[in-house]
Amino acid sequence: MRSSAKSRPKPASKLVKPGRIQSVLRTLGSEIAHDLIPVGSALPPEHDLENRFGVGRGVVREAIKTLAAKGLVSVRPRHGTHVRPRGEWSLLDRDVLSWLISKEEPNRELLLALQEVRLIIEPAAAALAAERATAKDRKRIMTALAAMEASHDVPTAIVADKEFHLAIIDATHNPVLQGFRGAIDTILSAVFMVATGSPGWFDENLPNHAIAARAIADGNAEKARAAMQQVLGYTQFKLSKKKYGRARVSSRKQTINGKLRRKQIA
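As annotated in an unreviewed UniProt entry, the chain is HTH gntR-type domain-containing protein from Afipia clevelandensis ATCC 49720.

Visitor: Provide a residue-level description of the nonpolar core, including the pertinent values.
Guide: Core analysis: the biggest nonpolar cluster contains 37 residues, and Leu28, Ile32, Leu43, Leu67 and Leu72 have the highest contact counts within it. When contributions to this core are tallied by element, the ones reaching two or more residues are helix H2 (9-33), helix H3 (46-53), helix H4 (57-69), helix H5 (94-100), helix H6 (108-132), helix H10 (181-195) and helix H12 (221-241). A per-element tally of this core places H2 first, with 6 residues. What Leu72 contacts, discounting residues up to four positions off in sequence, is Gly29, Ile32, Leu67, His82, Val83, Arg84, Trp89, Val96 and Trp99. Counting residues in hydrophobic clusters, the runner-up holds 26 residues, among them Ala127, Ala129, Ala133 and Ala227.

Visitor: Hey, could you go over the environment of Ala183 for me, with residue numbers and the actual values?
Guide: Its location among the elements puts Ala183 in helix H10. Relative accessible area serves as the criterion here: at 4%, Ala183 is assigned to the buried category. Each C-alpha atom of the pair Ala183 and Leu92 lies 5.4 Å from the other, and the pair is 91 residues apart in sequence. Look past the residues within four positions of Ala183 in its chain and what remains in contact with it is Leu92 and Leu97.

Visitor: Could you give an account of the side chain of Gln115, naming the residues involved and the relevant values?
Guide: By the secondary structure assignment, Gln115 is in helix H6. In contact with Gln115, other than residues within four places in its own chain, are Val191, Leu232, Thr235, Gln236 and Leu239.

Visitor: Got a sec to walk through the side chain of Asn208? Specific residues and values, please.
Guide: With respect to the helices and strands, the residue Asn208 is situated in helix H11 (residues 201-218). In this structure the side chain of Asn208 is engaged in a polar contact, spanning 2.8 Å, whose partner is the side chain of Asn205. Here Asn208 is in contact with Ala227, Gln230, Val231 and Tyr234, once residues within four sequence places are set aside.

Visitor: How would you explain the pairing of strand E1 (residues 73-76) if you had to name every residue and give the values?
Guide: Inspection of the sheet shows E1 paired to strand E2 (residues 80-83) by 4 bridges, in the antiparallel sense. Within E2, the position partnered with Val75 by the bridge is Thr81. Hairpin geometry of E1 and E2 is characterised by an intervening segment of 3 residues between the two adjacent antiparallel strands and by a positive phi of about 70 degrees at Arg78.

Visitor: Would you mind going over the environment of Val59 in detail, with residue names and values included?
Guide: Position of Val59 among the secondary structure elements: in helix H4. In the structure, Val59 is positioned 34 residues away from Leu25 in sequence and 9.3 Å away in space, judged by C-alpha atoms. Dropping the residues within four chain positions of it, Val59 is found in contact with Lys17, Arg20, Ile21 and Val24.

Visitor: Residue-level account of H12, with values.
Guide: The end-to-end C-alpha distance of H12 is 30 Å, a good match for the 30 Å that 21 residues give at a rise of 1.5 Å each. Every buried residue belonging to H12 is among Ala221, Ala224, Ala227, Met228, Val231, Leu232, Tyr234, Thr235, Gln236, Lys238 and Leu239, and all of these are buried.

Conventions used here
- Residues numbered from 1 in each chain as written.
- Predicted model: local features only at pLDDT ≥ 70, side-chain atom pairs only at ≥ 80, totals over all residues.
- Heavy atoms only, no water.
- Core = buried A, V, L, I, M, F, W, Y, C linked by side-chain atoms within 4.5 Å.
- Buried < 20%, exposed > 50% of the residue type's maximum accessible area, 1.4 Å probe, protein only.
- Helix = DSSP H or I, 4+ residues; strand = E, 2+ residues; numbered from the N terminus.
- Contact = heavy atoms within 4.5 Å.
- Polar contact = N/O pair within 3.5 Å; in protein donor to acceptor, adjacent residues only side chain to side chain.
- Pairing = 2+ DSSP bridges.
- Expected span 1.5 Å × (residues − 1).

Take a look at the structure:
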């Protein structure tokens, strides 16, 4: 009986630990992305992070290991953990994109850069989908288009629009392109943050979506490519004309002797 009593807390701690790792990871990742922990600077020592977040050393180390795997930090024995230059970050990683995108004040340059990535990937994906889509793929794309056309509010329009673009990526049957699904999903979320503030954004671009969908259904690769370029070109134009600024972070930096003064996670 004594041994079984001792073993009872173990499963619970294993269930809690991943959640704690994610909490530490999200907070540190967001602070790095928003320059609260600037490029080149060192993260606080493990002991300080343990006290700040109220977690054990294993949780802190797992969070830092994940940050390193995403390219945000470098870990060197006896030199500490330092933030790497942004050019070395895994910018298409879903978490990294989420941290970089500020919901309060989107970064114009970042959004336009992300849109350029879409312009490189998605027209080619549409052409491949026209060549490779199965009957099931085509039905899924047309169903998403119909949902876009039938939507009467922003949330349902966003869900349908995302499904449309992701269905085309899946219809390429290219595992490498399908690996971009998470990045495309996150990029679309960022674009929609801005799009929802512009009247007519969805309605005006619906005809371009319809042309792309029908070209894929007809197996016309070049028409599908051109139509998707029109879809994304319209979005690029709207993003470039939208007035929004870079999030200001300098006033939010609060450091004392290299230690961040931030509220501890509950």
